[in-house]
Amino acid sequence: MKTFTDEFRKSAVKKALSRGQISIVDICKGLNIAKPTLYQWIKTYGKQDGMIPLNSRPQDWSLEQRFKAVFTYESLNDDERGKFLRENGLYSNNLIEWKADIQKCFENQKSDAAMSRNEKLKFQTQIKELQNDLHRKEKALAETAALLILKKKADLIWGTGVSE
């Protein structure tokens, strides 16, 4: 059984993740390792050192990866941006959409925090008024139900009115 160094394993994983059109089988043959071994290494080392598989779809990226990609992309100049997109298998449209989503999240947080004290007080008083109104109507409904029951009992005792 062969033993491989961590450096070899990491380089094999990097090669597999950035393989382009080359199949995993061809990479395994070139490195003289078994396919399950390479997949195990990918599982172990693939998430380390910021390795992102080129064959993963941009819509499968986690929120953290998307945020980092947008942040990194915005900090680069035009020449470096193209290289960044190619290395990560992205299109500029992906980053534009992700940036818009991030901005929407921040705007929603700002609007929630920007609700003035007067607006909050206004909503609280409105809630209190509605609760009082509901309580009053519940009491009136209970009173009406009690009166109906009493009327039916009185009709049964004295025999006045129509019995059902």
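Below, the structure is looked at part by part. (Residues numbered from 1 in each chain as written. Predicted model: local features only at pLDDT ≥ 70, side-chain atom pairs only at ≥ 80, totals over all residues. Heavy atoms only, no water.)

## Quick notes on a nonpolar patch on the surface
And step 1. A surface patch of nonpolar side chains, amounting to about 360 Å² of accessible area, comprises Phe-67, Phe-71 and Phe-106.
And step 2. When you line up the elements, Phe-67 lands in helix α4 (residues 63–74). (Patch = residues over 30% accessible without salt bridge, like charges linked within 9 Å, V, L, I, M, F, W, Y side chains within 5 Å. Areas by Shrake-Rupley, 256 points an atom, 1.4 Å probe, with all protein chains shown as cover. Salt bridge = Lys/Arg side-chain N within 4 Å of Asp/Glu carboxyl O. Helix = DSSP H or I, 4+ residues; strand = E, 2+ residues; numbered from the N terminus.)

## Regarding the packing of helix α1 (residues 6–17) against helix α3 (residues 35–45)
And step 1. Closest axis-to-axis distance for the α1/α3 pair is 9 Å, and the angle between their directions is 95°. Accordingly, the angle class assigned to the pair α1 and α3 is roughly perpendicular. Contacts between α1 and α3 pair Asp-6, Phe-8, Arg-9, Lys-10, Ala-12, Val-13, Ala-16 and Leu-17 from the former with Leu-38, Trp-41, Ile-42 and Tyr-45 from the latter.
And step 2. In terms of residue class, the contact of α1 with α3 is made up of nine nonpolar, no polar and three charged. (Axes fitted to C-alpha atoms, helices over the stretch in contact; angles between N-to-C directions. Parallel < 35°, antiparallel > 145°, perpendicular 65-115°, else oblique. Contact = heavy atoms within 4.5 Å. Nonpolar A, V, L, I, M, F, W, Y, C, P; charged D, E, K, R; others polar.)

## A closer look at helix α5 (residues 78–88)
And step 1. Among the residues making up α5, those that are buried are Arg-81, Phe-84, Leu-85 and Asn-88. All buried residues of α5 fall inside an arc of 95° around its axis, so they share one side. Pointing more than 90 degrees away from the buried face of α5 are the exposed residues Asp-79 and Arg-86.
And step 2. A side-chain oxygen of the first residue of α5 lies 3.2 Å from the backbone nitrogen of Asp-79; this N-cap is Asn-77.
And step 3. One or two steps after α5, the chain reaches Gly-89, where phi turns positive at roughly 65°. (Buried < 20%, exposed > 50% of the residue type's maximum accessible area, 1.4 Å probe, protein only. Arc of directions from axis to C-beta. Polar contact = N/O pair within 3.5 Å; in protein donor to acceptor, adjacent residues only side chain to side chain.)

## A look at unusual backbone geometry
And step 1. The residue Asn-32 is not glycine, and still its phi comes out positive at about 60°.
And step 2. On the basis of relative accessibility, which here comes to 54%, the residue Asn-32 falls in the exposed class.

## What to know about the packing of α4 against α5
And step 1. At a minimum axis separation of 9 Å, α4 and α5 run at an interaxial angle of 155°. By the angle between their axes, α4 is roughly antiparallel relative to α5. Of α5, the residues touching α4 (which contributes Ala-69, Thr-72, Tyr-73 and Glu-74) are Arg-81, Phe-84 and Leu-85.
And step 2. Its residues assigned to classes, the contact of α4 with α5 shows four nonpolar, one polar and two charged.

## Brief notes about the environment of Arg-136
And step 1. With respect to the helices and strands, Arg-136 occurs in helix α7 (residues 117–158).
And step 2. Side chain to side chain, Arg-136 and Asp-133 meet in a polar contact 2.5 Å long.

## Digging into the pattern of salt bridges
And step 1. The full count for this structure, using the stated rule, is seven salt bridges.
And step 2. Where Glu-74 meets Arg-81, a salt bridge forms, and the shortest distance between an N and an O atom there is 3.8 Å.
And step 3. Residue Lys-137 pairs with Asp-133 through a salt bridge whose shortest N-O separation is 3.5 Å. With Lys-137 and Asp-133 both in helix α7, this residue pair falls four residues apart, about one helical turn.

## Topic: the packing of aromatic side chains
And step 1. By the definition in use, this model includes five aromatic pairs.
And step 2. Between Phe-67 and Phe-71 the ring centres are 6.5 Å apart and the planes differ by 15°, which places this aromatic pair in the stacked class. Remark: Phe-71 and Phe-67 occur in helix α4; sequence separation between them is four residues, near one turn of the helix.
And step 3. With a relative accessible area of 42%, Phe-67 lands in the partly exposed category.
And step 4. What makes Phe-71 exposed here is its relative accessible area of 60%.
And step 5. Members of the aromatic cluster, joined through ring pairs, are Phe-4, Phe-8 and Trp-41. (Phe/Tyr/Trp six-rings, centres within 6.5 Å; stacked < 30°, edge-to-face > 60°.)

## Section: α4
And step 1. In this model, α4 (12 residues) spans 17 Å end to end at C-alpha, consistent with the 16 Å of a helix rising 1.5 Å per residue.
And step 2. The complete set of buried residues in α4 reads Arg-66, Ala-69, Val-70 and Tyr-73. What you see down the axis of α4 is that its buried residues fit within an arc of 95°, all on one side. Summarising the geometry of α4, the exposed residues directed more than 90 degrees from the buried face are Glu-64 and Phe-71. (Expected span 1.5 Å × (residues − 1).)

By themselves, these observations are geometric and do not establish any function.
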